[in-house]
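Next come the chains, spelled out residue by residue.
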2 protein chains.
Amino acid sequence: MSSKAMAEVKLHGTWASPFSQRVIWALKLKGIDYEYIEEDLANKSELLLSYNPVHKKIPVLVHGGKPIAESLVILEYIEETWPEAHPLLPHDAYDRANARFWVKVVSEENRALFLSYFGGTGEEQEKAAKDFLQRLKVIEEHGLGDKKFFGGDEINLVDICCGWLAYFFPVMEQVAGIKLLEPTTLPRLYEWAENFKDVPVIRENLPDLAKLKTHLSRNRERLLATATANNS
Amino acid sequence: MSSKAMAEVKLHGTWASPFSQRVIWALKLKGIDYEYIEEDLANKSELLLSYNPVHKKIPVLVHGGKPIAESLVILEYIEETWPEAHPLLPHDAYDRANARFWVKVVSEENRALFLSYFGGTGEEQEKAAKDFLQRLKVIEEHGLGDKKFFGGDEINLVDICCGWLAYFFPVMEQVAGIKLLEPTTLPRLYEWAENFKDVPVIRENLPDLAKLKTHLSRNRERLLATATANNS
């Protein structure tokens, strides 16, 4: 390993963020030592603001004093800097393109849909849940197929980016009160989630799920209160 | 060049799409021969639907019979498959991460903002224009800085992804009736746009701008008609 690759690594994140979590998993899978700095999103450190003046968001990886923002950009950087231990992308250019396509699909955010499902009620929430289920079915059918992991026998970048579905989403479902990822509706994706959480590095690096439930419950209450205020 | 890299290349696109345009520029910069297949978005080919069953969208690049969707994924594939001629990403991993960060920023879509600026009127449109200008200022200040191109002396992946601002956006501005990218408001980004369009490969590979204006004018009329129908 070059001296550059061995330079000091720091990660600015927040414990509840699936975006921080992706980076933590990648670093752990590669066996990279790093210092973790928990950020308070209500009172971000001067350092974070200077590292990511454009978005002012976590996660930020700092390697040898140089900051990198955006979780997908960080993950590509980690793969390029430490390619040997647990490769996160296939070697072949076409297979890499295919993996990057699925990283994009599973990372696509539809904030409106997400808020209607997680922060909505009644018909609006049911409609959003149905739409969300359709998206998950596409990921299951076209992305996962009959493989154990998106990466095949081993987890790769797609699994890491999809990983929030395995631990974060089930808590969201409980809080939102509508379950979608079940053995009856999404049998292969459900099994994938079980297998993913069974990978030692993933199992040993998950946030406290009870604490996450409290956190997400408060978030939903806040969303419902805002919706009520806007409608009154 | 390996026989694999030399396999037949086809591009499914539409003439007015900045996403097709990105791929055309990259192929032209690299000197890759390809066959271009114009898709009718109102009547997509069976081939396109089979190539991109998830999004059913252009562009799709087909290399040796294997399809790749999503313009950013295609661009990374082109760079990995034909790295020698006109590199689109820097060699150093940190510089690559920085370039990918800016590719992400300039490619971020805010559909609501975009529709309010391009398809809106009155106060709603003015507010969206102001927000859009702020985003462009961030790109100018933090991304471009005092460089000639985002890539330095030569255009790179960031310039290609930002390229729609140089030819497509000025037509949008005319149609929308609010100019934002001007020497007084965004001097460095304006100069970048002029320099970018001056690069021979870019200048020689632009759609017909008069035809684009007619196309975008029809789009705006349609958006205004929809808004009126929804409000009546």
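Residues numbered from 1 in each chain as written. Chains lettered and ligands numbered in written order. Predicted model: local features only at pLDDT ≥ 70, side-chain atom pairs only at ≥ 80, totals over all residues. Heavy atoms only, no water.

1. A short note on the confidence of the model for chain A
Stage number 1. Here chain A shows a mean pLDDT of 94. Residues at 70 or above account for 97%.
Stage number 2. Across the interface, the model reports ipTM at 0.93; the global pTM reads 0.94. (pLDDT = per-residue confidence, 0-100.)

2. Focus on the UniProt feature "domain: GST C-terminal" (unreviewed entry) in chain A
Stage number 1. Cross-referencing UniProt, the feature "domain: GST C-terminal" (unreviewed entry) maps to residues 92-216 of chain A in the present numbering.
Stage number 2. Counted over residues 92-216 of chain A, helix gives 72% and strand 0%. Its end C-alpha atoms are 40 Å apart. (UniProt positions renumbered as here; feature names shortened; annotations may be inferred. Helix = DSSP H or I, 4+ residues; strand = E, 2+ residues; numbered from the N terminus.)

3. Quick word on the packing of aromatic side chains
Stage number 1. Applying the stated rule across the entire model yields 28 aromatic pairs over all chains.
Stage number 2. Between the aromatic rings of Trp192 of chain B and Phe196 of chain B, the centroid separation amounts to 5.2 Å while the plane-to-plane angle is 25°, which identifies the pairing as stacked. Taken as a pair, Trp192 of chain B and Phe196 of chain B lie in helix H10 (residues 187-198) at a separation of four residues, close to a single helical turn. Taken individually, Trp192 of chain B and Phe196 of chain B each receive the classification buried, so the pair is uniform in this respect.
Stage number 3. Here the aromatic cluster, defined as three or more aromatic residues joined through ring pairs, consists of Trp25, Phe114, Tyr117, Phe132, Phe150, Trp164, Tyr167, Phe168, Phe169, Trp192 and Phe196 of chain A. (Phe/Tyr/Trp six-rings, centres within 6.5 Å; stacked < 30°, edge-to-face > 60°. Buried < 20%, exposed > 50% of the residue type's maximum accessible area, 1.4 Å probe, protein only.)

4. Comments concerning the sheet that holds strand S3 (residues 60-63) of chain B
Residues and elements named next belong to chain B.
Stage number 1. Read across the open sheet, the four strands follow the order S2-S1-S3-S4; overall the sheet is mixed. Only two strands of the sheet have a single neighbouring strand rather than two, namely strand S2 (35-38) and strand S4 (66-69). This sheet shows a mean twist of 20° between the axes of neighbouring strands, independent of strand direction.
Stage number 2. In this structure, S3 lies alongside S4, joined through four bridges in antiparallel fashion. Residue pairing for S4: Leu61 is matched across the bridge by Ile68.
Stage number 3. Here helix H2 (residues 18-30) sits on the sheet and contacts strand S1 (9-13), S2 and S3; the angle it forms with S1, its principal contact strand, is near 155°. (Pairing = 2+ DSSP bridges. Axes fitted to C-alpha atoms, helices over the stretch in contact; angles between N-to-C directions. Contact = heavy atoms within 4.5 Å.)

5. A short note on the relation of the copies chain A and chain B
Stage number 1. When chain A is fitted to chain B, the best match, at an RMSD of 0.0 Å, comes from turning it 180° and sliding it 0.0 Å along the axis. Taken together, the rotation and translation describe the operation of a two-fold axis. (Least-squares fit on C-alpha atoms with pLDDT ≥ 70 in both.)

6. Some remarks on the interface of chain A and chain B
Stage number 1. Facing 29 residues of chain A, the contacting portion of chain B comprises 29 residues.
Stage number 2. Contact between chain A and chain B buries roughly 2500 Å² in total, counting both sides, with carbon and sulfur atoms accounting for 66%.
Stage number 3. Its largest share of buried area at the contact with chain B, chain A owes to Val54, Tyr94 and Phe101 of chain A, together 25% of the area lost on that side.
Stage number 4. A salt bridge links Glu70 of chain B to Lys104 of chain A; the shortest N-O distance between them is 3.2 Å.
Stage number 5. Applying the counting rule to chain A against chain B returns ten residue pairs in polar contact (both at pLDDT 80 or more).
Stage number 6. For the side of chain A that touches chain B, the per-class residue count stands at 15 nonpolar, four polar and ten charged. (Buried area = accessible area lost by both parts, 1.4 Å probe. Salt bridge = Lys/Arg side-chain N within 4 Å of Asp/Glu carboxyl O. Polar contact = N/O pair within 3.5 Å; in protein donor to acceptor, adjacent residues only side chain to side chain. Nonpolar A, V, L, I, M, F, W, Y, C, P; charged D, E, K, R; others polar.)

7. Quick word on helix H6 (residues 122-144) of chain A
Stage number 1. For H6 of chain A, built from 23 residues, the straight-helix expectation of 33 Å at 1.5 Å per residue is met to within 8% by its first-to-last C-alpha distance of 31 Å.
Stage number 2. Inspection of H6 of chain A places Gln125, Ala128, Ala129, Phe132, Leu133, Leu136, Ile139, Glu140, Gly143 and Leu144 of chain A among the buried residues, and these make up the whole buried set. (Expected span 1.5 Å × (residues − 1).)

8. Focus: the packing of helix H3 (residues 71-81) of chain A against helix H5 (residues 93-107) of chain B
Stage number 1. It is the contact of H3 of chain A with H5 of chain B, at a shortest axis distance of 9 Å, that shows an interaxial angle of 160°. Classified by the angle between their axes, H3 of chain A and H5 of chain B sit roughly antiparallel to one another. In the packing of H3 of chain A onto H5 of chain B, the handedness of the crossing is right-handed. Contacts between H3 of chain A and H5 of chain B pair Leu72, Val73, Glu76, Tyr77, Glu80 and Thr81 of chain A from the former with Ala93, Tyr94, Arg96, Ala97, Arg100, Phe101 and Lys104 of chain B from the latter. (Parallel < 35°, antiparallel > 145°, perpendicular 65-115°, else oblique. Left-handed = near helix turned anticlockwise from the far one by under 90°.)

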